[in-house]
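Close look at the chain arrangement
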Amino acid sequence: MFTVPTYSVEALSRSISPRIEAQPVIGATPPLHRLGPTNETVTLSSTFHPMHLNGGGLAQLAGVRAAASSLVPFPLVHINGLIPNVFGLWIAKSVSEEQTMFDAVGRPQTVTVKLEMTQEGGIGATARGIANKAISGIGSLF
């Protein structure tokens, strides 16, 4: 599960654009075909200090990379107190990182990460679909 608080998000950017295609016509301006919405994209940016997370910060990043490589949609959840806000199923499109401030043995002291995700469409992306998957145990959570 992608959880916003445990990922130490410093910036969140969202984008969505409609699917509009021009139909070529000889001798006239092409009419536009409105094909409907597209999947929303969210980019989470964070900076963390791996050695301040009991030395496990790089392992957390490895888990994010593994989730991205699995091509499995995960629920995006923001927990506000005791109330979880479920934003649907999301697939990681890319994980980019920059490691800086190396110690004497070469371990990074600061890691800046960008995680780009796109929303999974279809029936399974509804809150009910996510709840059913969670109850039935389908899919793995990290």
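Everything that follows concerns the structure shown earlier in this document.
In what follows, the accompanying structure is described. All figures in this text were calculated on a predicted structure; none of them were measured in a lab.

**Some points on the environment of L89**
- Tracing the backbone shows L89 in strand β7 (residues 83-102).
- Between the C-alpha atoms of L89 and V72, which are 17 residues apart in sequence, the distance is 9.3 Å.

**Section: the pairing of strand β8 (residues 108-119)**
- Relative to β8, strand β5 (residues 41-48) runs antiparallel, the two being bridged by eight bridges. Paired with T47 across the two strands is T112, which belongs to β8.
- With eleven bridges joining them, β7 and β8 adopt antiparallel strand pairing. For S94, the partnering residue across the bridge sits in β8 and is E116.
- Hairpin connection between β7 and β8: a loop of five residues separates the two successive antiparallel strands, and G106 in this loop has a positive phi of roughly 95 degrees.

**Thoughts on the environment of T118**
- Note on placement: T118 falls in strand β8.
- Exposure remark for T118: the relative accessible area of 19% places this residue in the buried category.
- On a C-alpha basis, the gap between T118 and I91 in space is 5.5 Å, while along the polypeptide they are 27 residues apart.
- In contact with T118, not counting residues within four places along its chain, are N39, E40, T41, L89, W90, I91 and K93.
- Side-chain polar atoms of T118 contact the backbone oxygen of E40, separated by 3.3 Å.

**Things to note about the side chain of T110**
- Counting through the fold element by element, T110 comes out in strand β8.
- Classification of T110 as buried rests on a relative accessible area of 15%.
- Apart from residues lying up to four places away in sequence, T110 is in contact with T47, F48, H49, P50, E98, Q99, T100 and M101.

**A word on the pattern of salt bridges**
- On inspection of all chains with the given rule, the structure shows three salt bridges.
- Of the charged contacts, one joins E40 and R14 as a salt bridge, the two residues approaching to 2.5 Å between their closest N and O atoms. Of the two residues, E40 is situated in the loop between β4 (32-36) and β5 and R14 in strand β2 (residues 11-15); the sequence distance between them amounts to 26 residues.
- Since its relative accessible area comes to 62%, R14 is described here as exposed.
- A salt bridge links E97 to R65, with the nearest nitrogen and oxygen atoms 2.7 Å apart. Within this pair, whereas E97 is found in strand β7, its partner R65 is found in helix α1 (residues 57-70), the two being separated by 32 residues in sequence.
- A residue is classified by how much of its surface remains accessible, and E97, at 30% relative accessible area, is partly exposed.

**Remarks on unusual backbone geometry**
- Look at L71: it is not a glycine, yet its phi comes out positive at around 60 degrees.
- Mapped onto the secondary structure, L71 falls in the loop between α1 and β6 (74-80).
- A relative accessible area of 63% places L71 in the exposed class.
- Although it is not a glycine, M101 adopts a positive phi angle of roughly 60 degrees.
- Examined against the element boundaries, M101 turns out to sit in strand β7.

**Considerations on the nonpolar core**
- Listed in full, the nine residues of the largest apolar core are V42, L44, V64, A68, L76, W90, A92, L115 and M117.
- Broken down by secondary-structure element, the contributors of at least two residues to this core are β5, α1, β7 and β8.

About the cut-offs
- Residues numbered from 1 in each chain as written.
- Predicted model: local features only at pLDDT ≥ 70, side-chain atom pairs only at ≥ 80, totals over all residues.
- Heavy atoms only, no water.
- Helix = DSSP H or I, 4+ residues; strand = E, 2+ residues; numbered from the N terminus.
- Pairing = 2+ DSSP bridges.
- Buried < 20%, exposed > 50% of the residue type's maximum accessible area, 1.4 Å probe, protein only.
- Contact = heavy atoms within 4.5 Å.
- Polar contact = N/O pair within 3.5 Å; in protein donor to acceptor, adjacent residues only side chain to side chain.
- Salt bridge = Lys/Arg side-chain N within 4 Å of Asp/Glu carboxyl O.
- Core = buried A, V, L, I, M, F, W, Y, C linked by side-chain atoms within 4.5 Å.

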